[in-house]
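# Topology and contacts: notes
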Amino acid sequence: MRVEPPYISCVVPAYNEARCITDFLPCLAKALAWLSPRYEIIVVNDGSRDQTSSLVASLCQGHSHIRLINLSRNFGKEAALTAGLDHVRGDVAILIDADFQHPIELIAIFLDRWREGYDMVYGVRESRADESPLKRLGAQLFYRLLNRLSSIEIPMDAGDFRLLDRKVIDALKAMPERGRFMKGLYAWVGFRSVSVPFAVQVRHGGHTSFGLRALVRLAQTGIVAFSDVPLRVWGVIGFLISAISLLNALWIVFDTLVFGNTVPGWATLAVALMFLGGVQLISIGVLGEYLAGVFNEVKQRPTYLVADQIGFDDAD
């Protein structure tokens, strides 16, 4: 049982959140102050093009618990979360979005579960009714496919809204990979985990920057990072095609020698060549995805670059 008031670190990734951030951070700070006398809020500005950085910087001047990390450009939410976790000092870290869609009052429940001995407490959406049918279908298919292909189980409808114990934070920080799929990494590190259902709140301003293209890229990263089945399956397909071709060749020889039938024209040959060509191109494409992942890893570029940071020098 964990009974001491923990040092709470909140990581808030922000990209073009100027319409929400000045209302959100005071609300979050008030909730955290009620839960523990020791806390910090780390806002990671992921290359915002609006006034997010300047607004948070102004809040830092009047609130010693708020810190700001400005990344040098937009690296994506996975990198922003990684940057925040690299700088937290607390016993636990809360990952939460700045648009009020993650209910702040749920943090108290997260801490109650943590005190019960759970190392990771994650929020699970009760409904996706606020999303388009295409996005709901895509998310459902992706998680089902990834859980079938991967050796780890990634909970459906579980996002980044969660509490992480210090041991989980240290485990995530020890992972040097550049192509980061955080939901997969949360599951991969293991530890004792529990889910807490919640209803997604109405966004207070702006619009999501996580469009269909970004979701597709994230899905590709997740499959490549956590499953080698797509590579292996093409070996099986190649074996089956070779076996069918061999059987077909034996049948042609038998049919010609026994019945004297000749193989008709070029149509069959053309279709077979086009089919095999398509299979080869698809397999090369799958191989290319994995090769691109290896290429990005061996370059060893940092996951993110910090332009400047505010509020850390006088941190508690």
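Above this text is the structure in question.
Described below are features of the structure shown in this document.

## Here's the deal with the overall build of the protein chain
For the protein chain, the helix and strand inventory stands at 10 helices and 8 strands. Counting all 316 residues of the protein chain, 40% fall into the buried class. Expressed as a percentage of contacts within the protein chain between residues at least 6 apart in sequence, the contacts between residues at least 24 apart total 84%. Accessible area for the protein chain stands at about 17,200 Å²; split by element, carbon and sulfur atoms hold 61% of it.

## Observations regarding the environment of E105
Structurally, E105 is set in the loop between β4 (92–95) and α4 (106–115). Expressed as a C-alpha distance, the spacing of E105 and A31, which sit 74 residues apart in the sequence, is 7.4 Å.

## Some thoughts on helix α7 (residues 182–189)
Across the 8 residues that make up α7, a large majority, 6, are buried. If you check which residues of α7 are buried, you get M182, K183, G184, L185, Y186 and V189. Just past α7, the residue G190 takes up positive phi, approximately 80 degrees.

## So, the pattern of salt bridges
Two side chains carrying opposite charge are able to pair once their charged atoms lie near each other. The full count for this structure, using the stated rule, is 9 salt bridges. Residue D97 pairs with K77 through a salt bridge whose shortest N-O separation is 3.1 Å. Residue D97 is found in the loop between β4 and α4, and its partner K77 is found in helix α3 (residues 77–87); the two are separated by 20 residues along the sequence. Judged by its relative accessible area of 16%, D97 is buried. Taking relative accessible area as the criterion, K77 reaches 24% and is therefore assigned partly exposed. Residues joined in a network through salt bridges with shared partners are K77, D97, D160 and K183.

Calculation notes
Residues numbered from 1 in each chain as written. Predicted model: local features only at pLDDT ≥ 70, side-chain atom pairs only at ≥ 80, totals over all residues. Heavy atoms only, no water. Helix = DSSP H or I, 4+ residues; strand = E, 2+ residues; numbered from the N terminus. Buried < 20%, exposed > 50% of the residue type's maximum accessible area, 1.4 Å probe, protein only. Contact = heavy atoms within 4.5 Å. Areas by Shrake-Rupley, 256 points an atom, 1.4 Å probe, with all protein chains shown as cover. Salt bridge = Lys/Arg side-chain N within 4 Å of Asp/Glu carboxyl O.

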